[in-house]
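The primary structure of each chain is shown beneath.
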Amino acid sequence: MDSLWLAVTNLGRDEVFIAVLALYTLLVNPRGGRHLGVAFALSYLVNSALKYGLNLPRPFTDDPSVASEAARRTALGPGLPSGHTQMAATLWLGMAAQMRRGWFWGVAAALVALIGASRLLLHVHYPSDVIVGLGLGLGFAFLAAALPFPERGLGRWLPAGVLVLVAAFLPAGTPREYGTALGLLAGFWAARPDFAPPRDWAGRVIVGVAGLAIVFAAYFVLGALPQSFKDIGLVRALRYAALVLVAVQVVPLALRRWLPVQEAPAVPVAPAAPTGIR
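Below or above, wherever it landed, is the structure these notes cover. (Residues numbered from 1 in each chain as written. Predicted model: local features only at pLDDT ≥ 70, side-chain atom pairs only at ≥ 80, totals over all residues. Heavy atoms only, no water.)

1. So, the overall build of the chain
Rules: Under the scheme used here, helices are H or I runs from DSSP no shorter than 4 residues and strands are E runs no shorter than 2 residues, and both carry numbers assigned from the N terminus. Note on method: radius of gyration uses C-alpha positions; expected globular size equals 2.2 Å times residues raised to 0.38. Contact criterion: two residues are considered in contact whenever any of their non-hydrogen atoms come within 4.5 Å of each other. Computed with the Shrake-Rupley method and a 1.4 Å probe, the accessible areas treat only the protein chains shown as cover for residues.
Scanning the chain from N- to C-terminus turns up twelve helices and zero strands. Traced from its N-terminal end to its C-terminal end, the chain shows the element sequence α-α-α-α-α-α-α-α-α-α-α-α. The C-alpha atoms of the chain give a radius of gyration of 20 Å, which matches the 19 Å a tight globule of 278 residues would have. Principal axes of the C-alpha set define a box for the chain whose edges measure 85 × 45 × 45 Å. Restricting the contact set of the chain to residue pairs at least 6 apart, pairs at least 24 apart contribute 80%. When the accessible surface of the chain is split by element, carbon and sulfur atoms take 70% of a total near 13800 Å².

2. Describing the packing of helix H5 (residues 83-99) against helix H6 (residues 102-121)
The following threshold applies: Fitted lines through C-alpha atoms give the axes, limited to the stretch in contact for helices. The angle between two N-to-C directions lies from 0 to 180 degrees. Reported orientations rely on four angle classes, namely roughly parallel under 35 degrees, roughly antiparallel over 145, roughly perpendicular from 65 to 115, and oblique for the rest. When residues are sorted by character, Ala, Val, Leu, Ile, Met, Phe, Trp, Tyr, Cys and Pro go into the nonpolar class, Asp, Glu, Lys and Arg into the charged class, and all the rest, Gly among them, into the polar class.
Relative to each other, H5 and H6 sit at 175°, their axes nearing to 9 Å. Viewed along their axes, H5 and H6 adopt a mutual orientation that is roughly antiparallel. Judged by residue contacts, His84, Thr85, Ala88, Ala89, Trp92, Leu93, Met95, Ala96, Ala97 and Met99 of H5 engage Phe104, Trp105, Ala108, Ala109, Leu111, Val112, Ile115, Gly116 and Arg119 from H6. Classifying every residue of the contact of H5 with H6 gives 15 nonpolar, three polar and one charged.

3. A look at unusual backbone geometry
Of note, the amide linkage connecting Leu80 to Pro81 takes the cis form, showing an omega dihedral of 0°. Inspection of the secondary structure puts Pro81 in the loop between helix H4 (69-73) and H5. Of note in the backbone geometry, Asn55 takes a positive phi value of approximately 55° without being a glycine. Position of Asn55 relative to the elements: it lies in the loop between helix H3 (30-54) and H4.

4. Points about the pattern of salt bridges
Think of it this way: side chains of opposite charge can pair up when their charged atoms draw near. Short version of the rule: For this analysis, a salt bridge means a side-chain nitrogen from Lys or Arg found within 4 Å of a carboxyl oxygen belonging to Asp or Glu. Accessibility here uses a 1.4 Å probe with only protein chains present; expressed as a share of the type maximum, an area under 20% marks a residue as buried, one over 50% as exposed, and anything in between as partly exposed.
Considering all chains together, one arrives at three salt bridges under this definition. Between Arg13 and Glu15 there is a salt bridge, with its nearest N and O atoms 3.3 Å apart. What makes Arg13 partly exposed here is its relative accessible area of 40%. Glu69 is paired through a salt bridge with Arg73; the nearest N and O atoms lie 3.4 Å apart. One end of the pair is Glu69 and the other is Arg73, both in helix H4 and four residues apart, which spans about a single turn. For Arg73, a relative accessible area of 56% corresponds to the exposed category.

5. Some thoughts on the nonpolar core
What counts here: What makes a nonpolar core is a set of buried Ala, Val, Leu, Ile, Met, Phe, Trp, Tyr and Cys residues whose side-chain atoms join them at distances within 4.5 Å.
Counting residues in hydrophobic clusters, the biggest one holds 59 residues, and the most contacted among them are Leu36, Leu91, Trp92, Met95, Phe104, Phe188 and Leu243. At nine residues, the largest contribution of residues to this core is made by H5. In this structure Met95 touches Val20, Tyr24, Leu36 and Phe104, once residues within four positions along its chain are discounted. One finds Leu6, Phe60, Ala67 and Ala75 within the second-largest nonpolar core, a separate group that totals nine residues.

6. Quick word on a nonpolar patch on the surface
We apply this condition: Surface patches are defined over residues having more than 30% relative accessible area and no salt bridge, joining like charges when they lie within 9 Å and nonpolar side chains (Val, Leu, Ile, Met, Phe, Trp, Tyr) when within 5 Å.
A surface patch of nonpolar side chains, amounting to about 380 Å² of accessible area, comprises Leu154, Leu158, Val162 and Val166. Considering the arrangement of structural elements, one finds Leu158 in helix H8 (residues 154-168).

7. Examining helix H12 (residues 233-254)
So the rule is basically this: Expected helix span is computed as 1.5 Å times (number of residues minus one). Axes are fitted to the seven residues ending at a residue and to the seven starting at it; the angle between these axes is taken as the bend at that residue.
Here H12 spans 30 Å end to end across 22 residues, near enough to the 32 Å set by a 1.5 Å rise per residue. Considering bend angle alone, the principal kink of H12 is centred on Val246 and spans about 40°.

8. Section: the environment of Ala237
Among the structural elements, Ala237 can be located in helix H12. Between the C-alpha atoms of Ala237 and Arg176, which are 61 residues apart in sequence, the distance is 9.4 Å. When near neighbours in sequence (up to four residues on either side) are disregarded, Ala237 contacts Ala167, Gly179 and Gly183.

In structure tokens, the structure reads:
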């Protein structure tokens, strides 16, 4: 059964999250995808801070024989909270909270439950790790649905610039997850999806295939940098911020025929109060 649960747990890999978030943003809900991306990056940052701040062991820490070598390769860093569970819950339940469709809630909940169960059955997490990860993921999922993040002016650009600046001052030896999370957060915060998703199936297929090809081409090109260079906090943050902007800004520009421009609806202005004496 190890190979089955390894296949399930790999649904919590970074590459899967990148593909799902890109497809959701391009094909389903551009602005919702941007807000979900901000919540996802915040969830990633909190998960990393808790993992390395608490520095709690995993089931195989003292006895490596309880988990296979392949399973241990999916378990980097300390144990609590479970990153696979938390990020899966943030992504899938965040989409469900935005879409508000009963059938999708069922699919999302089943996927999150299977990924969480795989971490236990592979003996790479304790139940408490998975439970805490699930609780945090739920919180960030509803954050993605409840809070629209600023898309214009200084509210859009200033936080993104501050996040990159923070990454530039990360001390040497800081776990790479911090740079990744700061870059994702900066990229999604700065992104402004101004396109409408395609409505016909031919357009969806073209955008899905071509969009993922562009995103993963950028992912592998940026990942081809020398390892010592990639591990610099600022470089890692800029890599992931650039990847987000490729997905949300460059792909729609390249595929403008199928992703037409759609400006955000204007904010209604309250009528002026009547003046004078009647």
